[in-house]
Amino acid sequence: MTTAEAKMTTQMPSHEVRCTTVLSDTLRGYAGVSGAEFDIESGRLRLEFDPRLLSEEQARLLVRRAGERAWARVTQCRQKSEATCAQCAAEMGDALLQHYRQMAALPAEAQVRFSHGQMEVALPGVGGASVSHPRHVKATPAPRPRLGRAQLEVLFTVITLLAGLAAWLGEQLGLPGVGGAALYLVAYAAGGYYGLLDGLELLRERKLDVNLLMILAAVGAAFIGQPAEGAALLFLFSLSNTLQTYAMGRSRRAIEALLDLRPKTATVRRDGEVVTLPVEELVVGDRVLVRPGERIPIDGVVVDGNSQVDQATITGESMPVAKGVGDPVFAGTVNGNGSLEIETTHRAQDTTLARIVQMVEEAQAAKANTQRMLDDFEQVYAVLVLLGAVLLTLVPVLLLGHEFQPSFYRAMTWLVVASPCALVISTPASILSAIANAARHGVLFKGGLHLEKTAAIRAVAFDKTGTLTVGKPRLQTFIPLGVWDEVDALRLIAAVEARSEHPLAQAIVGAAHERGLSLPEATDFQAFPGLGVEGRVEGMKLWIGNARMFARRGVPLPENVRSLLRELEGRGVTAMLAYRVEDADWLAVIGVADALRPDAAAVVQRLKDAGVQRVIMLTGDNERVAAAIAAQAGVDEFHAGLLPQDKVALLRSLRAKYGPTAMVGDGVNDAPALATADVGIAMGGAGTDVALETADVVLMADDLEKLPFAIGLARAARRVVWQNLVFSLAVIVLLVALAFGVRLPLPFGVLGHEGSTVLVVLNGLRLLGYRSQGFSKV
């Protein structure tokens, strides 16, 4: 690390250096770094480490030192330009990967979050840690220029149009050539400025892109005396880039707008006073007051008050959710008609809303497999296009004796129509839009790769408890015996069970409260784990438990009671008995079970209708309970009595048998299974940090209906990507054929090329409006 530290200190780039090259320089020299992807817009860096070459201590030192220096350099670059460097950042990651490719060892991944000289690193098997430079001083933000790159692109496009049109009109009217030349020069400078900058920067890295091909074609047109066609090319190219910037920005703004939903300030009760503070100053434990109709400023737990809260921004739920004491609430959601007092549980930067935005930005920066292949293909293809243009110029002139000007003109037309603009943009336009739409509806995809995998799944495995079922036992059956009526028997039994903390006891007490019963006080209470409880209420001693409890105490079960027990157990219900000791009197037979979600069977059927080959249920429960729930849910098969390691082994066999398999669970005890499946899907992620971290796809609401939406959106995105790819290739083939078959004029070639690019982007943007209305089997 000493050599790397010295190298990092001495490598000072010039003021023209690109933001992404800055990071490349900063990290270069650290052995063990095998890959990097940096998103300059969100300030997040993804590194790949070889743990055999880079220890935890070295990783901490690396991020501590590189973090401050890299951000300082990036800040300097941003002071000179407002240009968005997202594409450049991806290229920097590719450059680093190539630089360290000589390392043959298989790298392990580490997730690194980078912002303002502070980085967070997590190595496999080590865990995560936040690292801040002890001498870090927050950089003073530079004054923002009045116009950013997006605005300047619009301005330059207009200038190109006006100058080019004026020059052409001057030619038609026979005005002096000097003025026309000057106007063409202005049109070329405005229309080709950003394209030339981007193309030359890549050329320094020995890479070609479409920008440089377009500039060469325009210059070539001017060289052979067709400046008007070159100006038309640059105008259409600039217009296309401007539209792409705006269109692609829509998907990013759809997510960034979520943070705007969080109030800037909060009303806080501190030291007996009510004060208004910026949300960034809130600390864990603060008491925040939220009036009716206000947005909730911070994550927390209700400590006083009741209300209905609209959580659509977080979970995608269409109906407000009742909130009372002990219920969690989330920043950015809207309070209803009641006042709430909330105890803060997270800092502003750690709220669920902030983490959603962070994770979606990371997902949008992570490339899908299709996009990675197209990026690699673009470099080879661009070289072939340029080489083809050279051959189309030289071969006809030198070997066939053709005139130079028409041969060169045809080569410039080839340079335009064969360029892969639409092909390259076809995938990211669709993936970004799909991820943004999913996040707005409470579904988080961790990247384009997981979106693609979700579209391909053929089998879905559900965990039973908390996924197909509600996750909380409920009183299913209550059968009073002898002279007892239901109300009196339930009131006495619930009074004893109220002293117990067992989930089955809470189900009985909850049922009594739902019926408005007033429970007397129970005394002499005692619990017997695995058997039941006993206690005295209104002078009567009651035993409440399973059949084993009465067998151990030598109390025989009447035949009618045995029959009822067999019936309940056959339905997968946990059966209990209540017995009055003094009179040897049976009060009731009680059946408690974890109820199937009301929409579970419908969701399972929708998955089957959509072409999912197999729906499987996994559970640790016994065979009888599992069979009952499986029958109600309508799954194709079930597996009972499974430990976590058994679920992992079973998922491997399901993948081998049925193909790509998704696992749906709660993200907590299902973490190993979620990691094993092709796609791990966690439910209820809004309330659990574990779900947000472990799964590939997170359903923020505790709602199974989000699963068909997620799969439907993924399949729609796959269809749109293939539509774009086929359309892009077809346009290239058609334009090339026209260029050689009917000598397509250069402006028409430009129009077809840029028009197809814009259409591809707009087609991808359709995914922002996707709604779950059934989904294709494709």
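About the cut-offs
Residues numbered from 1 in each chain as written. Predicted model: local features only at pLDDT ≥ 70, side-chain atom pairs only at ≥ 80, totals over all residues. Heavy atoms only, no water. Phe/Tyr/Trp six-rings, centres within 6.5 Å; stacked < 30°, edge-to-face > 60°. Buried < 20%, exposed > 50% of the residue type's maximum accessible area, 1.4 Å probe, protein only. Helix = DSSP H or I, 4+ residues; strand = E, 2+ residues; numbered from the N terminus. Arc of directions from axis to C-beta. Contact = heavy atoms within 4.5 Å. pLDDT = per-residue confidence, 0-100. Pairing = 2+ DSSP bridges. Salt bridge = Lys/Arg side-chain N within 4 Å of Asp/Glu carboxyl O. Axes fitted to C-alpha atoms, helices over the stretch in contact; angles between N-to-C directions.

The subject of this paragraph is the packing of aromatic side chains. Tallying each qualifying case throughout the model produces 10 aromatic pairs. Taken together, a centroid distance of 5.0 Å and an interplanar angle of 70° make the contact between tyrosine 193 and tyrosine 194 edge-to-face. Residue classification places tyrosine 193 among the partly exposed residues on the basis of a relative accessible area of 40%. The exposure class of tyrosine 194 is buried, given its relative accessible area of 15%. Seen from their ring centres, phenylalanine 709 and tyrosine 770 are 5.8 Å apart, and the 45° between their planes marks the pair as tilted. Of the two residues, phenylalanine 709 sits in helix α25 (residues 706–741) while tyrosine 770 sits in the segment after α26 (746–765), which places them 61 residues apart along the sequence.

Because each turn of an α-helix spans 3.6 residues, side chains separated by three or four positions in sequence point in the same direction. Buried residues of helix α20 (residues 600–609): Ala600, Val603, Val604 and Leu607, and no others. When α20 is viewed along its axis, its buried side chains cluster within an angular range of 100° and face the same direction. Buried residues belonging to α20 abut β16 (459–463), α15 (464–468), β22 (585–596), β23 (614–618), α21 (623–633) and α25. Backbone geometry just after α20 places glycine 611 at a positive phi near 105°.

Now for the confidence of the model for the chain. On average, residues of the chain carry a pLDDT of 75, and 71% of them reach 70 or more. The least confident element of the chain, judged by mean pLDDT, is helix α1 (residues 2–10) at 30; the most confident is strand β20 (residues 540–545) at 94. Here residues 24–29 is a poorly scored stretch, pLDDT under 50, and it has 22 contacts once near neighbours within four places are set aside; other chains count. Scored below 50 in pLDDT, residues 774–778 makes 18 contacts in the model with residues more than four places away or belonging to other chains.

A separate point is the pairing of strand β14 (residues 340–344). Burial analysis of β14 places 4 of its 5 residues in the buried class, which makes it a mostly covered element. Of the pairings in the sheet, the one linking strand β8 (residues 287–290) to β14 comprises 4 bridges and is antiparallel in character. Opposite valine 288, over in β14, you have isoleucine 342 as the bridge partner. Relative to β14, strand β9 (residues 300–304) is paired through 4 bridges, and the arrangement is antiparallel. Each bridged residue has a counterpart across the sheet, and for valine 301 the counterpart in β14 is glutamate 343.

Quick look at the side chain of threonine 619 now. As for its position among the elements, threonine 619 is in the loop between β23 and α21. For threonine 619, a relative accessible area of 2% translates into the label buried. When sequence neighbours within four positions are dropped, the list of residues in contact with threonine 619 reads Lys464, Ala626, His639, Ala640, Gly641 and Leu642.

This paragraph deals with the pattern of salt bridges. When charged atoms on two side chains of opposite charge get close, those side chains can pair. The tally for this structure, following the rule as stated, stands at 20 salt bridges. Here aspartate 286 makes a salt bridge to arginine 270, at a shortest N to O gap of 2.6 Å. Separated by 16 residues along the polypeptide, aspartate 286 in the loop between β7 (273–278) and β8 and arginine 270 in strand β6 (residues 265–270) bring together distant segments of the chain. In this structure, the salt-bridge partner of lysine 608 is aspartate 636, at a minimum N-O distance of 3.2 Å. A residue pair is termed long-range when its members are at least 10 positions apart, and lysine 608 in helix α20 and aspartate 636 in the loop between α21 and β24 (637–639) qualify at 28 residues. Taking relative accessible area as the criterion, lysine 608 reaches 25% and is therefore assigned partly exposed. One continuous salt-bridge network, built from bridges that share partners, spans Arg269, Arg287, Glu341 and Glu343.

The phi dihedral of glutamate 538 falls on the positive side, at around 50°, and the residue is not glycine. Looking at the element boundaries, glutamate 538 is found in the loop between β19 (532–537) and β20. Assessed through its relative accessible area of 46%, glutamate 538 is described here as partly exposed. The phi torsion at alanine 584 lies on the positive side, around 50°, for a residue other than glycine.

Time to look at the sheet that holds β16. Pairing is mixed in the open sheet, where 7 strands are placed in the order β15-β27-β26-β25-β16-β23-β24. The sheet is open, and its two edges are formed by β15 (443–445) and β24, each paired on a single side. The mean inter-strand angle of the sheet, taken between neighbouring strand axes irrespective of direction, is 20°.

With that settled, the discussion passes to the sheet that holds strand β10 (residues 307–310). Overall, antiparallel pairing links the 3 strands, which are arranged β11-β10-β13 in an open sheet. Looking at strand neighbours, the two that pair on one side only are β11 (321–323) and β13 (334–335), the edges of this open sheet.

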